[in-house]
Amino acid sequence: MNRLKRLVKYYSVALGLLAGAMAYAGNHLDSLLHVVSNGNDTGKLKAMNALSNVYYFEGKQDSCFYYANGVRALSEKLLGGSSLAPALRLAIQKQRSVSYKSLGGLYVDKR
């Protein structure tokens, strides 16, 4: 009987942790989507890369491609302006390289 109580307690804790993690993930996605809609340009790039990463590991290749390709397009548009500060230009280039990594991973997975 004592073993059964410990087993029930173990599963209750595990289920509680799982429910908390799922709630956090939902809030995290909502926050990222909010930044994509309302953030500044570098914030959008970072949030879109984060969403691409989340969707990649969830197995949602279409969503991953959508956000990674969006980062690529937005970063190229932003880098087209010649009046960017060097630090901002470098931050945008970094986010663009992260999106290329995601796109490359998708193409390797499709082989």
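The text that follows walks through the structure, step by step, so that each part is easy to find. (Residues numbered from 1 in each chain as written. Predicted model: local features only at pLDDT ≥ 70, side-chain atom pairs only at ≥ 80, totals over all residues. Heavy atoms only, no water.)

Describing the packing of aromatic side chains
Inspection of every chain in the model, using the stated rule, returns three aromatic pairs. Consider the rings of Tyr55 and Tyr67, whose centres lie 5.9 Å apart with planes at 15°: the pair is stacked. One end of the pair, Tyr55, is in helix α2 (residues 41-57); the other, Tyr67, is in helix α3 (residues 61-79), with twelve residues separating them in the sequence. For the pair Tyr66 and Tyr67, a centre-to-centre distance of 5.0 Å together with 85° between the ring planes defines the contact as edge-to-face. When its relative accessible area of 12% is taken as the criterion, Tyr67 is described as buried. (Phe/Tyr/Trp six-rings, centres within 6.5 Å; stacked < 30°, edge-to-face > 60°. Helix = DSSP H or I, 4+ residues; strand = E, 2+ residues; numbered from the N terminus. Buried < 20%, exposed > 50% of the residue type's maximum accessible area, 1.4 Å probe, protein only.)

Notes on the pattern of salt bridges
Applying the stated criterion to the full structure yields two salt bridges. One salt bridge connects Arg72 with Glu76, and the closest N-O pair in it is separated by 3.2 Å. Here Arg72 and its partner Glu76 are both found in helix α3, four residues apart, which amounts to about one turn of the helix. Glu76 sits in the partly exposed class, given a relative accessible area of 35%. (Salt bridge = Lys/Arg side-chain N within 4 Å of Asp/Glu carboxyl O.)

Some words on the side chain of Ser102
Along the chain, Ser102 turns up in helix α4 (residues 86-110). The buried category is assigned to Ser102, whose relative accessible area is 11%. In this structure Ser102 touches Ser52 and Ala68, once residues within four positions along its chain are discounted. (Contact = heavy atoms within 4.5 Å.)

Interpretation note: all reported values are geometric properties and have no functional meaning in isolation.
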